Amino acid sequence: MSKRETAVPGYTHLAIEPYTPNIGAVVHDLQLANTADEALREELRRALAEFQVLFFRKQQLTPEQQTAVARIFGDPDKAKAFFPRHDRVASIEVIESKPGGHVYGTDQWHADITFSPNPPTGTVLYSQVIPASGGDTVWTSATRVYDSLSPGLRAELETLSAVHSFEHSGWPRFFLSLPNGEALYRQARAENLPVVHPVVQTHPLTGKKLVYVNPNFTDRIQGLSRQESDALLALLFQRFERPEFQARLRWEQHTVAIWDNRATHHYAAKDYGSQYRLLHRITFGEDRAF
Ligand code: SIN
């Protein structure tokens, strides 16, 4: 591995370059297909916890190899969303926006699948076809958001829990656009009842506190009136929009982004009109996310 002047000290197997001061890093000179070495895997896990989202350019991965990469960090067969699955490797969700077809609406801040009782701890997203321009993804740090709040508000938030539901998101509209959508929607509702998560969580690997509500899936804060809940959530959601807590990735074909789904939110810019965009996503998890 070539050593770069910008590389972060303390990593002997990885050449890591911070992407912004607050979130994100690029890992250079590594093919994720060649990560059998346990010391290197340990550094990848440490880097993900430290930087919250990692970017790898020019990767060559088969669907099976992408699954093996996810397995470095967790179990690739835990919670999944409602995207179509890869025809050979079921742990891969296919995010495909076609000219004249469906454009997936992940253009809303969210952590993946927080409507599940045990959300994924992370995600491996691998770009296959990227628009000539547009379609960037942006991540923002939930630990930085927590750190930015005043001590009084932090203390109040620690006493609160919030209801998360997929019905709050764009998924119902997606189901209803399908030919057998009513039945699929009814089934999704029966299988995914609303869940409750604490508003502040502690990351089990870093010990850092983070704000765990997102506009896509969080419906309301328990014990508050609708008006109070909406106002408090709006304040928190606005904090996630601060550019200095964010990292914006301009995708190229065969870029891999791996993010910590506990410590970040993300947003896929839907600014690419009728251009084709195709990515393979694998969420991974543990028996308990927190
Ligand atoms: C996602 O929300 O997990 C997908 C993000 C993207 O399409 O860039």
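The structure reproduced in this document is the subject of the present report.

What counts and how
- Residues numbered from 1 in each chain as written.
- Predicted model: local features only at pLDDT ≥ 70, side-chain atom pairs only at ≥ 80, totals over all residues.
- Heavy atoms only, no water.
- Helix = DSSP H or I, 4+ residues; strand = E, 2+ residues; numbered from the N terminus.
- Rg over C-alpha atoms; globule rule 2.2 N^0.38 Å.
- Buried < 20%, exposed > 50% of the residue type's maximum accessible area, 1.4 Å probe, protein only.
- Contact = heavy atoms within 4.5 Å.
- Areas by Shrake-Rupley, 256 points an atom, 1.4 Å probe, with all protein chains shown as cover.
- Lys, Arg positive; Asp, Glu negative; His and termini not counted.
- Charge placed at Lys NZ, Arg CZ, Asp CG, Glu CD.
- Near = heavy atom within 4 Å.
- Polar contact = N/O pair within 3.5 Å; in protein donor to acceptor, adjacent residues only side chain to side chain.
- Nonpolar A, V, L, I, M, F, W, Y, C, P; charged D, E, K, R; others polar.
- Phe/Tyr/Trp six-rings, centres within 6.5 Å; stacked < 30°, edge-to-face > 60°.
- Lys NZ or Arg CZ within 6 Å of the ring centre and 35° of its normal.
- Expected span 1.5 Å × (residues − 1).
- Pairing = 2+ DSSP bridges.
- Axes fitted to C-alpha atoms, helices over the stretch in contact; angles between N-to-C directions.

Looking at the overall build of the chain
Point 1. Each helix and strand counted, the chain has 7 helices and 15 strands in total.
Point 2. Relative to its length of 290 residues, the chain is compact, with a C-alpha radius of gyration of 19 Å against a globular reference of 19 Å.
Point 3. Summarising its shape, the C-alpha atoms of the chain cover approximately 55 × 50 × 35 Å along the three principal directions.
Point 4. By residue count, 54% of the 290 residues in the chain fall in the buried class.
Point 5. Here the contacts in the chain between residues at least 6 apart in sequence split such that 79% fall between residues at least 24 apart.
Point 6. Carbon together with sulfur atoms contributes 50% to the accessible area of the chain, which is approximately 12,900 Å² in total.
Point 7. Averaging the coordinates of the 31 positive side-chain charges in the chain and doing the same for the 33 negative ones gives two points 1 Å apart.

A look at the site of the ligand
Point 1. The local shell around the ligand consists of Ile95, Thr106, His110, Asp112, Leu125, Thr137, Trp259, His266, Ala268, Arg277 and Arg281.
Point 2. Between the ligand and Thr137 there is a distance of 2.6 Å, counted from an oxygen atom to a side-chain nitrogen or oxygen.
Point 3. Within the side chain of Arg277, an N or O atom sits 2.8 Å from an oxygen atom of the ligand.
Point 4. Expressed as a share of its isolated accessible area of 260 Å², the protein-covered part of the ligand is 100%.
Point 5. Of all the secondary structure elements, the ones that give two or more residues to the shell around the ligand are β14 (264–268) and β15 (277–284).
Point 6. In terms of residue class, the shell around the ligand is built from 4 nonpolar, 4 polar and 3 charged.

Examining the packing of aromatic side chains
Point 1. Evaluation of the coordinates by the stated rule reveals 20 aromatic pairs.
Point 2. Taken together, a centroid distance of 5.6 Å and an interplanar angle of 25° make the contact between Phe73 and Phe284 stacked. Residue Phe73 is found in helix α2 (residues 63–73), and its partner Phe284 is found in strand β15; the two are separated by 211 residues along the sequence.
Point 3. The exposure class assigned to Phe73 is buried, which follows from its relative accessible area of 11%.
Point 4. Given a relative accessible area of 2%, Phe284 falls into the buried group.
Point 5. A ring pair is formed by Phe166 and Phe175, whose centres lie 6.2 Å apart and whose planes are at 90°; its orientation type is edge-to-face.
Point 6. Classification of Phe166 by relative accessible area gives buried; the value is 0%.
Point 7. These aromatic residues form a ring-pair network of at least three members: Phe82, Phe83, Phe115, Phe166, Trp171, Phe174, Phe175, Tyr185 and Phe217.
Point 8. The cationic tip of Arg46 hangs over the ring face of Tyr11; the distance from NZ or CZ to the ring centre is 4.3 Å.
Point 9. One cation-aromatic arrangement involves Arg189 over Tyr185; the distance from NZ or CZ to the ring centre is 5.2 Å.

Notes on helix α1 (residues 38–51)
Point 1. Relative to the 20 Å expected for 14 residues at 1.5 Å per residue, α1 spans 20 Å between its end C-alpha atoms, a close match to the ideal helical length.
Point 2. Of the residues making up α1, those classed as buried are Leu40, Glu43, Leu44, Ala47, Leu48, Ala49 and Phe51.
Point 3. For α1, the elements touching its buried residues are β1 (15–18), β2 (25–28), β3 (53–56), α2, β13 (256–260) and β15.
Point 4. Its side-chain oxygen placed 3.3 Å from the backbone nitrogen of Ala39, Asp37 serves as the N-cap of α1.
Point 5. Gln52 sits one or two residues past α1 and shows a positive phi near 75°.

Side note on α2
The α-helix advances 3.6 residues per turn, and as a result positions three or four apart in sequence lie on the same side.
Point 1. Of all the residues in α2, the buried ones are Pro63, Gln66, Thr67, Val69, Ala70, Ile72 and Phe73.
Point 2. Of the surrounding elements, those touching the buried residues of α2 are α1, β5 (122–129), β13 and β15.

Remarks on the sheet that holds strand β11 (residues 218–221)
Point 1. Strand order across the open sheet formed by 3 strands is β8-β7-β11, with antiparallel pairing between neighbours. A strand with exactly one partner marks an edge of an open sheet, and here the two such strands are β8 (195–198) and β11. Going from strand to strand, the sheet's axes swing by 35° on average, the running direction of each strand aside.
Point 2. In terms of strand pairing, strand β7 (residues 161–164) meets β11 through 3 bridges, oriented antiparallel. By the bridge assignment, Val163 is partnered in β11 with Arg220.

A closer look at the pairing of β15
Point 1. The element β15 is largely enclosed, with a buried count of 8 among its 8 residues.
Point 2. Residues Arg277, Leu279, Arg281 and Thr283 point to one face of β15 and Leu278, His280, Ile282 and Phe284 to the other, with burial holding for every one of them.
Point 3. Relative to β15, strand β4 (residues 93–97) is paired through 5 bridges, and the arrangement is antiparallel. What sits directly across from Val94, in β15, is His280.
Point 4. Both β5 and β15 contribute to a ladder of 7 bridges, which runs antiparallel. Along β15, the bridge assignment pairs Thr123 with Thr283.

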